Amino acid sequence: MNILLPLLIAIVGSTTCYSATDILQSTNSYLTTADRIRLKKILEPGLTSNDLTFTYYAVHGYKFLGENLPNKRDICDLLTRVLKNGNNITMERAFHIAEIWHIVGNCQANPPTDVIKVLTNGIEKDTSNMVNLYYAVTGLTTLSEKLSRDKVDKIVRAVQDVLRKDDNIWNLGYTFHIASDLGTSGAFAFDRIEDAIIQADEVDGQYLQFEGGLSVTSFLVTGILKLSSTLKKKPPLTSQQTVKMANYLLSRRSVQTPRGVTNLLSALVMLANNDFEKPICVRLANEEISISSRQPLVTVKVCDILGNPVTGTFQVIANSETKVGDDLPLFSKQSLQASPTDKTLFTMNLMEMKPTRGFYKISVTAGSVTNTVRVKVLCEVVVDYMEIGTADADQTTQPKLERVLFPEKLSQKVEADSQQKLVMRFLLRDGGSKKAMRTHQAFVRLSSMSDSNDSSKKGREIIFVAEPDASHVYKFDMPVGTAAVNFDYQSGDYNVELIVGDAVLSNPFQWTVATVNLKFPEPTLTEKADKGVLYKYKWNVYTTKPEIKHMFREPEKRPPAFVSNLFTGLCLAPILLLLLLWAKLGVNISNFPFSLSAVTFHLGLGSIFILFGIFWLKLNMFVTLRYLLGLGVVTFLAGNKMLSRIAHKHKSR
């Protein structure tokens, strides 16, 4: 297996081609200060808890965060209370006590003897499973208890026996942790690291995790790195695998339990401080900041996954910048300047390169790590000119247009009747390059004047889209007569506003250009008849409507009492006929077998008839079937017994 595995990896790897952009060298995030504060709040209740397991995770979490324990005396008192009841100290509790005692450090002079005894028994027992062996070896190592050569050999044999029977991912994790505490005797486990890594699942080409989530991934990562550190051998992990594992762990920063927090922090701290491959984060310091003339600096954060500065001497260089969509390089090889106040921040003045508006990809190299960051460059839009006026609807004459300066409003009112059209012409330019430009959003909004005394006209508005021509001049033509239906034929004064917006504009605006008096024609008789109600109530379209209540269907009309009684009599007629026939033919009651089965049968049969009558009057089918099941079984058994007795009686004669 160990010989074939590298060959298999080489064959699979040779079938996949990666471009330079596909190779992950940098993590996509890091543990921020806000993350640390939130994780610490999750751990805080465990420091005052009486639950030993809860306290264990809280104390460990504080250790990984580098925080001082505020109440060491209370934690020591908890350990003392647990140790007083020595008969209930299990392997797991002994392990937790050993770990807490070691981290707190000043509970008592010597390690708890009861705990050492429980952990030692875990090694000496031949029936100990992998979990108990992990608790015992790790706990004794934490308490600085040396293991004899015989015990080490016994542990190695026990671990190997378990792996031969079941080498699942958890058992491999326990093996790595146990072997890391055995020194060079744990070298047997190093060859099994590849067996574990090959079982990792890759997600979206960015994350690497083991089936089972955060707990097993964290446990395996820390075990692999601890074992490699003990043996001083580089683990068989590529730099990409290390980055992808770090990405997965960082994606789980939203954990809400003390156990999850401790698992997360232990793996992140181990990855950040290992001696072989330390993942680095290269990303924008603030993804929400856009680049503009007011904010020209691109700030890149270079740190480890804990947010700490990267040690060593290195340069941060912007290799190239290309605009998304055309991939034309804007520059190459520009050095970023280190911040004097924060060793993780590096800046560059991007606006010195005079980029046009849009989105850019910048390839940034920090030492041996390269990552691509995306920035958005904004521009300031300038209204080159704006003209508004009227023209004949049939275009027989030239438009009469008045020029308006941004951001002022036209002093005189524009008059437009049903034989004319409202005309606007305007041009937008890039404030930096002075070139004519288009925007994603250019709307003309006409809204009724708020000082109107007619409440039906208040708040009435309609929005049109202004379209640019080939020379980027925006044009808006609205024939008043044709647009009358959109305004519900409500003539009057309307504000004309220009709304301009775009994802790459630093100054989107809403500008009231002028006031226009629109005179719409009267609606025809057909339009009044068809849409009069709509015109009357359209202004009220957004008000609260009456509540819709469900109406059940009214019950059908019952027949007269005479018909119902007649039907009932017809249904009972067969019973009456039966009684008459019995009276005429004579009923031999003397031969009635007065036995329990016979009485039960006839009572059951009568009860069934009565049940049918009650069903007809008030019961539903499901309730009737439940009763009928019980009565039917009893009647059937009693009838069968009765007939058997009658047949036996006839045979004996």
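Rules behind the numbers
Residues numbered from 1 in each chain as written. Predicted model: local features only at pLDDT ≥ 70, side-chain atom pairs only at ≥ 80, totals over all residues. Heavy atoms only, no water. Salt bridge = Lys/Arg side-chain N within 4 Å of Asp/Glu carboxyl O. Helix = DSSP H or I, 4+ residues; strand = E, 2+ residues; numbered from the N terminus. Buried < 20%, exposed > 50% of the residue type's maximum accessible area, 1.4 Å probe, protein only. Pairing = 2+ DSSP bridges. Axes fitted to C-alpha atoms, helices over the stretch in contact; angles between N-to-C directions. Contact = heavy atoms within 4.5 Å. Left-handed = near helix turned anticlockwise from the far one by under 90°. Nonpolar A, V, L, I, M, F, W, Y, C, P; charged D, E, K, R; others polar. pLDDT = per-residue confidence, 0-100.

Student: Hey, could you run me through the pattern of salt bridges in this one?
Tutor: Oppositely charged side chains are able to pair whenever their charged atoms sit close together. Tallied over the entire structure, the rule returns 19 salt bridges. Residue Arg253 is joined to Asp35 by a salt bridge in which the shortest nitrogen-to-oxygen separation is 3.2 Å. One end of the pair, Arg253, is in the loop between helix H12 (239-251) and helix H13 (258-273); the other, Asp35, is in helix H2 (residues 33-43), with 218 residues separating them in the sequence. The class of Asp35 is buried, set by a relative accessible area of 13%. Asp493 is paired through a salt bridge with Lys413; the nearest N and O atoms lie 2.8 Å apart. Of the two residues, Asp493 sits in strand E20 (residues 492-501) while Lys413 sits in the loop between strand E13 (400-404) and strand E14 (414-416), which places them 80 residues apart along the sequence. On the basis of relative accessibility, which here comes to 26%, the residue Asp493 falls in the partly exposed class. Here Lys413 falls in the partly exposed class, since its relative accessible area comes to 40%.

Student: Would you mind showing me how to read the sheet that holds strand E11 (residues 369-377) here?
Tutor: Whether parallel or antiparallel, the strands of a sheet pair through hydrogen bonds between backbone atoms. The strand order across the open sheet formed by four strands is E7-E6-E10-E11, and the pairing between neighbours is antiparallel. The outermost strands of the open sheet, each flanked by one partner alone, are strand E7 (329-335) and E11. Ignoring strand direction, the axes of neighbouring strands in this sheet form an average angle of 20°. As judged from the seven bridges shared by strand E6 (residues 316-323) and strand E10 (residues 358-366), these two strands associate in the antiparallel manner. Bridge pairing links Ala318 to Val364 in E10.

Student: Which parts of the structure should I look at to understand the sheet that holds strand E19 (residues 473-479)?
Tutor: Read from one edge of the open sheet, five strands run E13-E12-E15-E19-E18, paired in antiparallel fashion. At either margin of the open sheet sits one strand with a lone partner, and together these are E13 and strand E18 (467-468). The pairing of E18 with E19 spans two bridges and is antiparallel. Opposite Pro468, over in E19, you have Tyr474 as the bridge partner.

Student: Is there a simple way to explain the environment of Ser180 in this structure?
Tutor: For Ser180, the position within the fold is in helix H9 (residues 169-180). Note on Ser180: relative accessible area 7%, which makes it buried. Excluding its chain neighbours within four sequence positions, the residues that come into contact with Ser180 are Lys226, Leu227 and Thr230.

Student: Explain the packing of helix H3 (residues 52-65) against helix H4 (residues 72-84) here, please?
Tutor: What describes two packed helices is the angle between their axes and the distance between those same axes. Two elements in contact, H3 and H4, have axes separated by 11 Å at closest approach and are oriented at 145°. In the packing of H3 onto H4, the handedness of the crossing is left-handed. Here Leu52, Thr55 and Val59 of H3 lie close against H4, whose contacting residues are Ile75, Leu78, Leu79 and Val82. The class makeup of the residues in the contact of H3 with H4 is six nonpolar, one polar and no charged.

Student: Please clarify how the confidence of the model for the protein chain should be interpreted in this entry.
Tutor: In the predicted model, the protein chain carries a mean pLDDT of 85, and the fraction of residues at 70 or more is 91%. Throughout residues 1-21 the model reports pLDDT below 50, and contacts reaching past four residues in sequence, or to other chains, amount to nine contacts. For residues 533-537, every residue scores under 50 in pLDDT, and the model assigns this stretch four contacts once sequence neighbours within four places are set aside.

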